[in-house]
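Observations on chain architecture
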Amino acid sequence: MSTNLEAEEIMCASCGIAGADDIKLKKCTACYLVRYCSVKCQKEHRPKHKRQCKRRAAEIRDELLFKQPESSGLGDCPICCLPLSLDPQDSSVMACCSKLVCNGCEHANMLREKKEFLKRTCPFCRHPVPYSDAEIKNNLMRRIEVNDAFAMSQMGKHYYNNEGDYKSAVKYWTKAAELGDMEAHYNLSVMYRKGVVVEKDEKKELHHLEEAAIGGDVDARQNLAKVEWENGRWERALKHWIIAVNLGHNTALKSLRDIYTKTKGLLSKEDFAAALRAHQAAVDATKSPQREVADAFVRKYG
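Read on for an overview of the structure. Keep in mind that this is a model prediction, so the values were computed, not measured. (Residues numbered from 1 in each chain as written. Predicted model: local features only at pLDDT ≥ 70, side-chain atom pairs only at ≥ 80, totals over all residues. Heavy atoms only, no water.)

For the rest of this paragraph, the subject is the overall build of the protein. A count of helices and strands for the protein gives 13 helices and 4 strands. Its C-alpha atoms give the protein principal-axis dimensions of about 75 × 50 × 40 Å. Across the 302 residues of the protein, 37% fall into the buried class. Within the protein, counting contacts between residues at least 6 apart in sequence, those at least 24 apart form 47% of the total. Total accessible area on the protein is roughly 18,300 Å²; 53% of this is exposed by carbon and sulfur atoms. (Helix = DSSP H or I, 4+ residues; strand = E, 2+ residues; numbered from the N terminus. Buried < 20%, exposed > 50% of the residue type's maximum accessible area, 1.4 Å probe, protein only. Contact = heavy atoms within 4.5 Å. Areas by Shrake-Rupley, 256 points an atom, 1.4 Å probe, with all protein chains shown as cover.)

Now the structure itself:
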């Protein structure tokens, strides 16, 4: 068996020619199981290879899709380097440098400036804080010019929320998604589901949801779980919910708790307990004394 596999590794799957210095064999980029010496051989071998290729490609996709991300798509605060909270109220986008900074670091910077009688600046890049929409937009454009995917995603949100220009929003989200921004992928999934500007397309909606989920977007993961559950693929749905819960997602935790208490046999006591522990650990990782001070300030003064 091993001899046959080794032979397949060093010869073209179509014509059987062996790889050599002057003959470079390239792997099928969908399944990575076979190699070809030319595009012609790949096309000729396609009818024989198609079924095996699709099956293995689906397996590879699932391996990637159900791999637990190390962190949420938000990542860490660039200043304190602690994981950012999933609650959007716990962090702010800096309109000067397009960095997402936690409230703790922003509040600490504000206290420092107040103590030293300094002008208001960004806690990350120390650039003066822009106040007008024109300044904010100009700063985003500067970041977009250097292919900042996050800035592109933010510009898409600006056009969608502030100007009602959905076409421009999709344009910026598409470019941001191509550069790997997870929120842009999620927003595009919504557009393809609703058919806003673009035609309704379930395949494209699912593709963008999966890309966002793979990158750690918990809302995309929650939506995928709902889709799988509604289609009767309960095991896949549970996997999605558990991954989201492990990242600290409260809505996914509620869904998982409902399944455990109302649907007997699908989720074991041990798996539910493990998910609860992982959820608490993820939430605790986002806490710090500095962030607690900022939260207390917000609660007191709004």
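Back to the write-up after that little detour.
A separate point is the layout of surface pockets. In this structure, the largest pocket spans a volume of roughly 1,200 Å³. Around the largest pocket, the lining is made up of 46 residues, and of these Val93, Leu100, Phe150, Gln154 and Glu183 lie nearest the centre. Those elements giving two or more residues to the lining of the largest pocket turn out to be strand S3 (91-93), helix H4 (133-145), helix H5 (149-163), helix H7 (182-194) and helix H9 (218-230). For the lining of the largest pocket, the element with the most residues is H5, which contributes 6 residues. (1 Å grid on protein atoms, 1.4 Å probe; cavity = no way out; pocket = protein on both sides within 12 Å on 5 of 7 lines; lining within 4 Å. Points joined across faces, edges and corners; volume = space filled by probe spheres on them.)

Attention now goes to the nonpolar core. One finds Ile144, Met155, Trp173 and Met191 to be the most contacted residues of the largest nonpolar core, which totals 18 residues. If you list the elements that add at least two residues to this core, you get H4, H5, helix H6 (166-178) and H7. The element contributing the most residues to this core is H6, with 6 residues. (Core = buried A, V, L, I, M, F, W, Y, C linked by side-chain atoms within 4.5 Å.)

Where like charges cluster on the molecular surface, the positive patch consists of Arg46, Lys50, Lys54 and Lys203. At 3 residues, helix H2 (residues 39-65) tops the list of elements feeding residues into the positive patch. By the element assignment, Arg46 lies in helix H2. Overall, the relative accessible area of 34% leaves Arg46 in the partly exposed class. (Patch = residues over 30% accessible without salt bridge, like charges linked within 9 Å, V, L, I, M, F, W, Y side chains within 5 Å. Salt bridge = Lys/Arg side-chain N within 4 Å of Asp/Glu carboxyl O. Lys, Arg positive; Asp, Glu negative; His and termini not counted. Charge placed at Lys NZ, Arg CZ, Asp CG, Glu CD.)

Taken as a whole and judged by the stated rule, the model has 16 salt bridges. Residues Glu116 and Arg112 are paired through a salt bridge, measuring 3.9 Å at the closest nitrogen-oxygen approach. Within this pair, Glu116 and its partner Arg112 are both found in helix H3 (residues 103-116), separated by 4 residues, close to a single helical turn. A relative accessible area of 44% places Glu116 in the partly exposed class. Between Arg120 and Glu113 there is a salt bridge, with its nearest N and O atoms 3.5 Å apart. The structure contains a network of salt bridges with shared partners spanning Asp62, Glu228, Arg233 and Arg236.

This part is about the side chain of His45. Among the secondary structure elements, His45 is positioned in helix H2. When its relative accessible area of 12% is taken as the criterion, His45 is described as buried. Setting aside anything within four residues of it in sequence, one finds His45 in contact with Ala13, Ser14 and Tyr36.

For any pair of aromatic rings, the description rests on two quantities: the centre-to-centre distance and the angle between the ring planes. The final tally for this structure, using the stated rule, is 7 aromatic pairs. When the ring of Trp229 is compared with that of Trp234, the centres are 6.1 Å apart and the planes differ by 50°; the resulting orientation is tilted. On the basis of relative accessibility, which here comes to 43%, the residue Trp234 falls in the partly exposed class. Taken together, Tyr160, Tyr166 and Trp173 form an aromatic cluster joined through their ring pairs. One Lys or Arg, Lys171, reaches over the ring of Tyr172 and ends 5.6 Å from the middle of that ring. (Phe/Tyr/Trp six-rings, centres within 6.5 Å; stacked < 30°, edge-to-face > 60°. Lys NZ or Arg CZ within 6 Å of the ring centre and 35° of its normal.)

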